[in-house]
Protein chains: 2
Amino acid sequence: MAMSSKQKVYQGVLQEIRQYIDQQHLMPGDKLPSERELADTLQAGRSSVREALRAMELLGLIETKRGEGTFLSTYRPYQTVELLSSFILKEARTREDLYLAKKILEKEAAKLAFSRMNVQDLDKLEQLLYDPVMGPNDRHVAFFKYLFTKSENLLLARVWQLMEEFSHTINKLYYSKVFYIELVQLYSTKNYELIEPLFESLAVQDDDQFE
Amino acid sequence: MAMSSKQKVYQGVLQEIRQYIDQQHLMPGDKLPSERELADTLQAGRSSVREALRAMELLGLIETKRGEGTFLSTYRPYQTVELLSSFILKEARTREDLYLAKKILEKEAAKLAFSRMNVQDLDKLEQLLYDPVMGPNDRHVAFFKYLFTKSENLLLARVWQLMEEFSHTINKLYYSKVFYIELVQLYSTKNYELIEPLFESLAVQDDDQFE
DNA sequence: GCCGTAAAGTGGTCAGACCACCCTTAACCA
DNA sequence: TGGTTAAGGGTGGTCTGACCACTTTACGGC
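Quick look at the structure, then. Being a predicted model, the structure only gives us computed values, none of them experimental.

Reading the values: rules and limits
- Residues numbered from 1 in each chain as written.
- Chains lettered and ligands numbered in written order.
- Predicted model: local features only at pLDDT ≥ 70, side-chain atom pairs only at ≥ 80, totals over all residues.
- Heavy atoms only, no water.
- Near = heavy atom within 4 Å.
- Polar contact = N/O pair within 3.5 Å; in protein donor to acceptor, adjacent residues only side chain to side chain.
- Nonpolar A, V, L, I, M, F, W, Y, C, P; charged D, E, K, R; others polar.
- Axes fitted to C-alpha atoms, helices over the stretch in contact; angles between N-to-C directions.
- Helix = DSSP H or I, 4+ residues; strand = E, 2+ residues; numbered from the N terminus.
- Left-handed = near helix turned anticlockwise from the far one by under 90°.
- Contact = heavy atoms within 4.5 Å.
- Core = buried A, V, L, I, M, F, W, Y, C linked by side-chain atoms within 4.5 Å.
- Buried < 20%, exposed > 50% of the residue type's maximum accessible area, 1.4 Å probe, protein only.
- Salt bridge = Lys/Arg side-chain N within 4 Å of Asp/Glu carboxyl O.
- Pairing = 2+ DSSP bridges.
- Expected span 1.5 Å × (residues − 1).

Some thoughts on the protein's contact with DNA strand C
In the vicinity of DNA strand C, 25 residues are found, and the nearest of them are Val9, Ser47 and Ser48 of chain A together with Glu35 and Arg46 of chain B. Near the protein, meaning within 4 Å, the atoms of DNA strand C are sugar or phosphate in a fraction of 62%, with bases accounting for the rest. A distance of 2.8 Å separates a phosphate oxygen of DNA strand C from a polar backbone atom of glutamate 35 of chain B. Contact distances for DNA strand C include 3.3 Å between a phosphate oxygen and a side-chain N or O atom of arginine 54 of chain B. Counted by class, the surface near DNA strand C contains 2 nonpolar, 10 polar and 13 charged residues.

Okay, structure coming up:
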């Protein structure tokens, strides 16, 4: 576990574990070797292994169950987001970056989903919009989650989800209700060319978020 | 350090440290109490404190210097994004997904950079295009790296860079030389509206990658 | 006052000891 | 035979104490 001498043990362990996951083709839900076993095979102390695992856990990469073991999880950065958001809050620069990036992804998802939209989808979207139970933010998430699913690009969806969770704790980022309605309208009237302008018309400000 | 009983100690420590930073108004570069001191005041084992600190370190929130102490670092959320994205990519990468997502980011970067382009920039880009030393792939990377810089959204740039690195291992993904030339042309003739169509005209296939 | 060395402080790491919890298994009883 | 229960072993959760390597500080001799 020596390596570049400057490398801390827990970082080495992190790499080894990642490698192990790759080599064994582990999928979410699969079990990792026990902490003691890892410590033994990697020739590291159990505390060092734990430091690596705790870091991974905080990132939402693994889940641990007392008495059972450590498992690969489907990526879910619940804790990370909360922790990081408290540090990010001040950086306006970051917020704008995030807002813009998110908007771009949402726009493209809307466009990708276009050709795959059928009547049932439109119903579902409208249903979402007029669901009295949902707040504006939940509606935004549900709405675009649906679009991302229809866009059939898992990578984009994941990246968006990550950004969504980040922005979620920092600030509420959704559009005016009119926006969603008009977008659905564009779907039903099959007006692809107007999607882009619709998004472009959104100002990059918090002010345009109203119910 | 009990709390909701389900809460692990290191998570509690994490919260306490965050609170401490807030209360003491610590700024980047400031020193945190030593691990032993934290363990003592928070009534937790040093190993638990270390698990919390290691996790924070992995997130880039703190830096540790052996023999000196632990310090708050200027927080760069992009490092985290990078780490998480690497896992997302591993899970979600499909050639088509990756190609499409990368193209989208490149398109948007091209559009964001538009209004910020001046004569020197155009020279630089043309220079890149006709550099005889570069292969088509290097040229692609250099070309868009420049555009992303001009677009001034570090987050998008990071995400793109990651995708770029991953696409290397899968396949070379670049456009025909005509494409780049036409894009520069659009910049010099200030024809914003044609950027989108130019990208749209690219087929989502490997075949359109030729010199 | 200056310099060098010892001491104290700090992160890095390991080993061992418990605890709480889960699951399997075997023994037990009806 | 079948179902229940108790025990054991495996696992993560946590703490303690012990070193090591390194940096800073303090002390003492010059």
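Observations concerning the packing of helix α1 (residues 9–23) of chain A against helix α3 (residues 46–58) of chain A
Helix-helix packing is described using two parameters, namely the angle between the two axes and the distance between the axes. Residue and element names in this part refer to chain A. Relative orientation of the contacting elements α1 and α3 amounts to 65 degrees, with a least axis distance of 8 Å. The two elements α1 and α3 cross, and the hand of that crossing is right-handed. Between α1 and α3, the residues in contact are Val9, Tyr10, Val13, Leu14, Ile17 and Ile21 and Ser48, Val49, Glu51, Ala52, Leu53 and Met56, respectively. Residue composition of the contact of α1 with α3, by class: 10 nonpolar, 1 polar and 1 charged.

A few points about the nonpolar core
Core analysis: the largest hydrophobic core is formed by 80 residues, its most contacted members being Phe144, Leu147 and Tyr187 of chain A together with Phe144, Leu147 and Tyr187 of chain B. By size, the runner-up hydrophobic cluster in this structure holds 42 residues, among which are Ala52 and Leu61 of chain A together with Tyr10 and Val13 of chain B.

Observations regarding the pattern of salt bridges
Here the structure, examined in full by the defined rule, presents 34 salt bridges over all chains. Between lysine 8 of chain A and glutamate 57 of chain B there is a salt bridge whose closest N-O contact spans 2.4 Å. With lysine 8 of chain A in the segment before α1 and glutamate 57 of chain B in helix α3 (residues 46–59), this pair bridges two chains. The class for lysine 8 of chain A is partly exposed, based on a relative accessible area of 30%. Judged by its relative accessible area of 12%, glutamate 57 of chain B falls in the buried class. Among the ionic pairs, glutamate 35 of chain B bridges to arginine 54 of chain B, the shortest N-O distance being 3.1 Å. Here glutamate 35 of chain B is found in helix α2 (residues 35–41), whereas its partner arginine 54 of chain B is found in helix α3, with 19 residues between them in sequence.

Structural notes on the pairing of strand β3 (residues 69–72) of chain B
Residues and elements named next belong to chain B. The two faces of β3 match: Gly69 and Phe71 on one face and Thr70 and Leu72 on the other face are all buried. Here strand β1 (residues 31–32) pairs with β3 via 2 bridges, running antiparallel. Its bridge partner lying in β3, lysine 31 is registered against phenylalanine 71. Bridge analysis of strand β2 (residues 62–65) against β3 gives 4 bridges, and the strand direction is antiparallel. What sits directly across from lysine 65, in β3, is glycine 69. The antiparallel pairing of β2 with β3 creates a hairpin that spans 3 residues between the two strands, and glycine 67 there sits at a positive phi of about 85 degrees.

Considering unusual backbone geometry
All names here are of chain A. Positive phi, close to 55 degrees, is recorded for histidine 25, a residue that is not glycine. Phi is positive for glutamine 43, which is not a glycine, with a value near 55 degrees. Relative to the elements of secondary structure, glutamine 43 occurs in the loop between α2 (35–41) and α3. You can call glutamine 43 exposed: its relative accessible area is 69%.

Side note on helix α7 (residues 136–151) of chain A
All names here are of chain A. The end-to-end C-alpha distance of α7 is 22 Å, a good match for the 22 Å that 16 residues give at a rise of 1.5 Å each. Within α7 the residues assigned to the buried category are Asn137, Arg139, His140, Ala142, Phe143, Phe144, Leu147, Phe148, Lys150 and Ser151. Phi for glutamate 152, located one or two positions after α7, is positive at around 55 degrees.

Topic: the sheet that holds β3 of chain B
Pairing is antiparallel in the open sheet, where 3 strands are placed in the order β1-β3-β2 (chain B). The sheet terminates laterally at β1 and β2 of chain B, the two strands that pair on one side only.

Some thoughts on the side chain of serine 48 of chain A
Residue and element names in this part refer to chain A. Residue position: serine 48 is located in helix α3. For serine 48, a relative accessible area of 17% puts it in the buried group. With residues up to four places along the chain from it excluded, the contact list for serine 48 reads Val9 and Tyr10.

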